[in-house]
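Remarks on the overall topology
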Amino acid sequence: MSQTPNSGPSTQTPRQDPAVEPAQAKPVIAAAAAKRANASVIGMILALLVSLAVALPVVLLNAPQKADSYRQPVIVSEVAEQAKDAAGFTPLAPVLPQDWSVNYARWNGAGADKVAFWDVGYVTASTSFISLKQSATANPTWLLQQAKEAPITGERTIAGISWELRDKPGSDKSLTATVPGGSTVILTGSAPLADFDILATAAVSAAQSAVDGSTNGGSK
């Protein structure tokens, strides 16, 4: 009988399941290196805290302020003195209650209308607005434009002077008068007439003081 030769040990490699990936070895950080890494992180955190502790008081002391707080106060008398030579008369700097404030004060040179004028904007105690314009060359057309073409509706006697009142619904009011010294003043705004009376009285007083000062100065 023929015999099947004895086969030796099997040399076939066991098959691996392709879906199963061989486990990868995880890197191991030496204890000393891990300690140094932790120390670096803690040091960075401490440095950040120290920086915040130094910077925070500075930020709080220099907190952002409203834009209005950066505006320099307008000193009407100083601007008026600067504009005096160009004006040819003394621009008015009325003395008003402390709860009034000034938006602006400026001299406007003559334009196409040939009217140069002193211009001051006031916010009243009632938070309403009135502008004061003063000119030595005012004409009816210019006054009508400044009054926003409102019709004449009456007169008011303030500080012994007759003021022409212009008013129309939905528009600002205006008071116009010739003050001591001969210049023309027009007050225009949305404020109540009681506020107009305060500004008109102060304007007449300032104009009279300028006339008296000029007279006294000339007599020396």
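Residues numbered from 1 in each chain as written. Predicted model: local features only at pLDDT ≥ 70, side-chain atom pairs only at ≥ 80, totals over all residues. Heavy atoms only, no water.

With respect to the pattern of salt bridges
Note on pairing: side chains with opposite charge can pair once their charged atoms come close. Counted according to the given criterion, the structure contains five salt bridges. A salt bridge links lysine 148 to aspartate 172; its shortest N-O distance comes to 2.8 Å. Of this pair, lysine 148 sits in the loop between helix 3 (140-146) and strand 4 (152-158) while aspartate 172 sits in the loop between strand 5 (161-166) and strand 6 (173-178), and the two are 24 residues apart along the sequence. The exposure class assigned to lysine 148 is partly exposed, which follows from its relative accessible area of 43%. Given the relative accessible area of 21%, aspartate 172 is considered partly exposed. Between aspartate 197 and arginine 156 there is a salt bridge, and its shortest N-O distance comes to 2.7 Å. Residue aspartate 197 is found in helix 4 (residues 193-219), and its partner arginine 156 is found in strand 4; the two are separated by 41 residues along the sequence. Residue aspartate 197 is classed as partly exposed on the basis of its relative accessible area of 22%. A single salt-bridge network, built from bridges that share partners, covers Arg106, Asp119 and Lys133. (Salt bridge = Lys/Arg side-chain N within 4 Å of Asp/Glu carboxyl O. Helix = DSSP H or I, 4+ residues; strand = E, 2+ residues; numbered from the N terminus. Buried < 20%, exposed > 50% of the residue type's maximum accessible area, 1.4 Å probe, protein only.)

What to know about unusual backbone geometry
In this model, threonine 127 sits at a positive phi of 60°, which is unusual for a non-glycine residue. The phi dihedral of glutamate 149 falls on the positive side, at around 60°, and the residue is not glycine. Relative to the assigned elements, glutamate 149 resides in the loop between helix 3 and strand 4.

As for the sheet that holds strand 7 (residues 184-189)
Pairing is antiparallel in the open sheet, where seven strands are placed in the order 1-2-3-7-6-5-4. Pairing within the sheet leaves two strands with one partner each, and these edge strands are strand 1 (101-108) and strand 4. Shown here is a sheet whose adjacent strand axes are inclined to one another by a mean of 20°, direction ignored. Where strand 2 (residues 117-123) lies against strand 3 (residues 129-135), six bridges are found, and the strand directions are antiparallel. Among the inter-strand pairings, valine 123 is bridged to a residue of strand 3, identified as phenylalanine 129. Helix 2 (residues 76-87) rests against strand 1 and strand 2 of the sheet, and its axis sits at about 10° to strand 1. (Pairing = 2+ DSSP bridges. Axes fitted to C-alpha atoms, helices over the stretch in contact; angles between N-to-C directions. Contact = heavy atoms within 4.5 Å.)

A word on the packing of aromatic side chains
How two aromatic rings sit relative to each other is given by the distance of their centres and the angle of their planes. In this structure the tally under the stated criterion is four aromatic pairs. Between tyrosine 104 and phenylalanine 129 the ring centres are 6.4 Å apart and the planes differ by 35°, which places this aromatic pair in the tilted class. Of the two residues, tyrosine 104 is situated in strand 1 and phenylalanine 129 in strand 3; the sequence distance between them amounts to 25 residues. Their ring planes at 50° and their centres at 5.3 Å tell us that phenylalanine 117 and tryptophan 142 sit as a pair that is tilted. Placement of phenylalanine 117 in strand 2 and of tryptophan 142 in helix 3 is noted, with a sequence separation of 25 residues between them. Taken as a pair, phenylalanine 117 and tryptophan 142 share a single burial class, namely buried. Looking at arginine 106, its charged tip hangs above the ring of tyrosine 104, at a distance of 4.0 Å from the centre. (Phe/Tyr/Trp six-rings, centres within 6.5 Å; stacked < 30°, edge-to-face > 60°. Lys NZ or Arg CZ within 6 Å of the ring centre and 35° of its normal.)

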